[in-house]
Amino acid sequence: NEIPQNIKHKAFQFFIKLNKGEVFLNKGQLKKALIFNKSAQEILKTNKDKEFQRMANIQEANIFKAQGKYKDAINVLETTLKTLDSFSDRTLKLDALSLLSELYSIENNLEKENSILKQYSAIKDSVYRNEKLVQIEYLKTVFDKEKSIFEIEKREKELIHLKEKDKITTRYNRSLII
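From a predicted model like this one, the values you see are computed outputs, not experimental measurements.

*Asks:* Can you lay out unusual backbone geometry for me, pointing to particular residues and giving the numbers?
*Replies:* One non-glycine residue, Asn108, lies in the positive phi region at around 60°. Tracing the sequence through the fold places Asn108 in the loop between helix H5 (90–106) and helix H6 (110–177).

So, in structure tokens, the structure goes:
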């Protein structure tokens, strides 16, 4: 994804429209939310960014859910999930799976809800493990750096001590010579 440089940039326009749709969705103004969502998706026809499209699809599914159009929301999410691979943004995948399991629960399709929740849990656990591994590596790095600093400071103090000892020894030896 590109970082938009100015307000006329397609990605910037997409996010403005998508966020306006989110605001109207949160206010319960579903027709306006859907209009902004569709206009955000219209921008994607020229941009062809799959991650942006998936974000718009998840918002559209939320709008359909709020409208009580559960089957439409399920269809949008199932289609979106088919486009997500293992390398896609896991946050989007988790959002889609969470919403889909909620929709299956509303539809009283417990078997599919359970299946989706298992997928969600597996991805969530994987994300959690990866985050913890990154944290552990960070802490190891910090520890190693602190340990190195401590060792350097310790050696510098020893060196100063040895220099002082050497000065004293040199003075003593000079005094013996005289």
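*Asks:* Residues and numbers for a nonpolar patch on the surface, please.
*Replies:* Judged by side-chain polarity, Tyr138, Leu139 and Val142 come together as a nonpolar surface patch covering roughly 310 Å² of accessible area. Topologically, Leu139 is positioned in helix H6.

*Asks:* Any chance you could break down the side chain of Glu60 for me, citing the residues and the numbers?
*Replies:* Of note, Glu60 is situated in helix H3 (residues 50–67). Its relative accessible area of 6% is what places Glu60 among the buried residues. Polar side-chain contacts of Glu60 include one of 2.4 Å to the side chain of Lys38. Dropping the residues within four chain positions of it, Glu60 is found in contact with Leu34, Asn37, Lys38, Gln41 and Val76.

*Asks:* Now, about the packing of aromatic side chains: what can you tell me, with residues and values included?
*Replies:* Each pair of aromatic rings is reported with the distance of its centres and the angle of its planes. Enumeration over the complete set of coordinates arrives at 4 aromatic pairs. Geometrically, the ring pair formed by Phe14 and Phe52 is stacked, given 4.9 Å between the ring centres and 15° between the ring planes. Here Phe52 lies in helix H3 and Phe14 lies in helix H1 (residues 10–27), a separation of 38 residues in the sequence. Accessibility classification places Phe14 together with Phe52 in one group, the buried group. Considering the side-chain rings of Phe24 and Phe36, the 5.5 Å spacing of their centres and the 15° angle between planes classify their relative orientation as stacked. Remark: Phe36 occurs in helix H2 (residues 30–47) and Phe24 occurs in helix H1; sequence separation between them is 12 residues. Since its relative accessible area comes to 16%, Phe24 is described here as buried. Taken together through their ring pairs, the aromatic side chains of Phe14, Phe15 and Phe52 make up a single cluster.

*Asks:* Explain the environment of Leu117 residue by residue, including any values.
*Replies:* Relative to the assigned elements, Leu117 resides in helix H6. A residue is classified by how much of its surface remains accessible, and Leu117, at 35% relative accessible area, is partly exposed. Separated by 76 residues in sequence, Leu117 and Gln41 place their C-alpha atoms 28 Å apart.

Thresholds applied
- Residues numbered from 1 in each chain as written.
- Predicted model: local features only at pLDDT ≥ 70, side-chain atom pairs only at ≥ 80, totals over all residues.
- Heavy atoms only, no water.
- Helix = DSSP H or I, 4+ residues; strand = E, 2+ residues; numbered from the N terminus.
- Patch = residues over 30% accessible without salt bridge, like charges linked within 9 Å, V, L, I, M, F, W, Y side chains within 5 Å.
- Areas by Shrake-Rupley, 256 points an atom, 1.4 Å probe, with all protein chains shown as cover.
- Salt bridge = Lys/Arg side-chain N within 4 Å of Asp/Glu carboxyl O.
- Buried < 20%, exposed > 50% of the residue type's maximum accessible area, 1.4 Å probe, protein only.
- Polar contact = N/O pair within 3.5 Å; in protein donor to acceptor, adjacent residues only side chain to side chain.
- Contact = heavy atoms within 4.5 Å.
- Phe/Tyr/Trp six-rings, centres within 6.5 Å; stacked < 30°, edge-to-face > 60°.

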